[in-house]
Amino acid sequence: MRLLLIEDDAEAAQYLARSLRESGYEVDVAADGRAGQESALAGGHDVIIADRNLPHVDGLTIVQALRTAGSSVPVLILSALGSVDDRIEGLRAGGDDYLIKPFAFEELLARVEALLRRGQGATVLTRLKVGDLELDLLSRTVTRAGKRIDLTAKEFQLLEYLMRRQGQVVTRSMLLEGVWDLHFDPQTNIIDVHMSRLRAAVDRDFDGPLIHTVRGSGYVLRE
């Protein structure tokens, strides 16, 4: 599930994007209203999280532009303006939810989950399955052959990335960008370490490996 975060506070944006990625979401970040509006109108996002007060184009204008363009993507508005009139204005502009700053990340996460359920209804993907391996996106649990597998948050995110691309060769560059949000190779063994731990958890005590190394290319998860 892919989110768009429009937030001009660099520190807040970095924290929220990192936390959302650790929770299993793909996150695009826009640092001002103009860039945010362009990304929002380009489409491809399941939920948009937009600050209300943004440089160049404010959050409510972005929501109105989306609705005018016929987009029904759910939008969560973030704002320090918390009066009843402010909230009503945000919702009437086309926002689906309104969260007042400051807020707890867990509340934001719960509201995003609610918007996903509301926006996609019964079609929302909550479980990934490859062979006897199952990953539950809501309970954040993993089982294989009915046996619970305990993973760290990063291992869970790595496995989700692979399962969403089952049968597809995933390169190191794809993993660095998609799981660690790095657009350069840090020249460390970060991928090897996490992949080794993940393979030990997912494959070691079960019949037949699911995670395979494609020499010179990367990794692939398949039966």
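This section reports on the structure supplied with the text.

Calculation criteria
Residues numbered from 1 in each chain as written. Predicted model: local features only at pLDDT ≥ 70, side-chain atom pairs only at ≥ 80, totals over all residues. Heavy atoms only, no water. Axes fitted to C-alpha atoms, helices over the stretch in contact; angles between N-to-C directions. Helix = DSSP H or I, 4+ residues; strand = E, 2+ residues; numbered from the N terminus. Parallel < 35°, antiparallel > 145°, perpendicular 65-115°, else oblique. Left-handed = near helix turned anticlockwise from the far one by under 90°. Contact = heavy atoms within 4.5 Å. Pairing = 2+ DSSP bridges. Phe/Tyr/Trp six-rings, centres within 6.5 Å; stacked < 30°, edge-to-face > 60°. Buried < 20%, exposed > 50% of the residue type's maximum accessible area, 1.4 Å probe, protein only. Lys NZ or Arg CZ within 6 Å of the ring centre and 35° of its normal. Arc of directions from axis to C-beta. Polar contact = N/O pair within 3.5 Å; in protein donor to acceptor, adjacent residues only side chain to side chain. Nonpolar A, V, L, I, M, F, W, Y, C, P; charged D, E, K, R; others polar.

So, the packing of helix α2 (residues 33–42) against helix α3 (residues 59–68)
- Direction vectors running N to C along α2 and α3 enclose 20°, while the axes themselves pass 10 Å from each other. Taken as axis vectors, α2 and α3 run roughly parallel relative to one another. As α2 packs across α3, the resulting crossing turns out to be right-handed. Packed against α2, whose contacting residues are G33, G36, Q37, A40 and L41, the element α3 presents T61, I62, A65 and L66 at the interface.

Remarks on the pairing of strand β12 (residues 218–221)
- The sheet contact formed by strand β10 (residues 170–171) and β12 spans two bridges and is antiparallel. Paired with V170 across the two strands is Y219, which belongs to β12.
- Two elements, strand β11 (residues 211–214) and β12, share four bridges in a ladder whose sense is antiparallel. For V214, the partnering residue across the bridge sits in β12 and is G218.

Structural notes on the packing of aromatic side chains
- This model, assessed by the stated rule, comprises one aromatic pair.
- Plain terms: the ring middles of Y15 and F105 are 6.3 Å apart, the flat faces sit at 75° to each other, and that makes the pair edge-to-face. Linking Y15 in helix α1 (residues 10–22) with F105 in helix α5 (residues 105–120), this pair joins segments that are 90 residues apart in sequence.
- Since its relative accessible area comes to 40%, Y15 is described here as partly exposed.
- In this structure, R165 packs its charged tip against the face of Y161, placed 3.6 Å from the ring centre.

Examining the side chain of H194
- Structurally, H194 is set in helix α8 (residues 190–203).
- Assessed through its relative accessible area of 16%, H194 is described here as buried.
- Beyond its immediate sequence surroundings of up to four residues, H194 is in contact with K154, L158 and W180.

Description of α2
- Within α2, burial applies to G33, G36 and A40. The buried residues of α2 occupy one face: seen down the axis, they fall within an arc of 60°. Away from its buried face by more than 90 degrees, α2 exposes E38 and A42.
- Where α2 is buried, its residues touch β1 (2–6), β2 (26–30), β3 (47–51) and α3.
- The backbone nitrogen of R34 lies 3.0 Å from a side-chain oxygen of the residue at the head of α2, namely D32.

What about the sheet that holds β10?
- Strand order in the open sheet made by the three strands is β10-β12-β11, with antiparallel pairing throughout. Taken across any chain shown, the strands that pair with only one partner, and hence form the sheet edges, are β10 and β11.
- Together, β10, β11 and β12 form the strand contacts of helix α6 (residues 153–163), whose direction differs from that of β12 by roughly 75°.
- Its contacts with the sheet put α8 on β11 and β12, and the angle it makes with β11 is roughly 140°.

Some details on the environment of E26
- Among the secondary structure elements, E26 is positioned in strand β2.
- With ten residues separating them in the primary sequence, E26 and L16 have C-alpha atoms 12 Å apart.
- Apart from the residues lying within four places of it in its own chain, the contact partners of E26 are M1, R2, L3 and R165.
- Side chain to side chain, E26 and R165 meet in a polar contact 3.2 Å long.

Let's talk about the packing of α6 against α8
- The geometry of α6 relative to α8 is characterised by a closest axis approach of 10 Å and an angle of 80° between their N-to-C directions. When the interaxial angle is binned, α6 and α8 end up roughly perpendicular. Of the residues in α8, those touching α6 at K154, E155, L158, L159 and L162 are H194, M195, R197, L198 and V202.
- Of the residues contributing to the contact of α6 with α8, the split by class is six nonpolar, one polar and three charged.

Description of unusual backbone geometry
- K101 connects to P102 through a cis peptide bond whose omega is -5°.
- Along the polypeptide, P102 turns up in the loop between β5 (97–100) and α5.
- Positive phi outside glycine occurs at A145, with the angle close to 55°.
- With respect to the secondary-structure elements, A145 resides in the loop between β8 (141–144) and β9 (147–149).
- The exposure class of A145 is exposed, given its relative accessible area of 55%.

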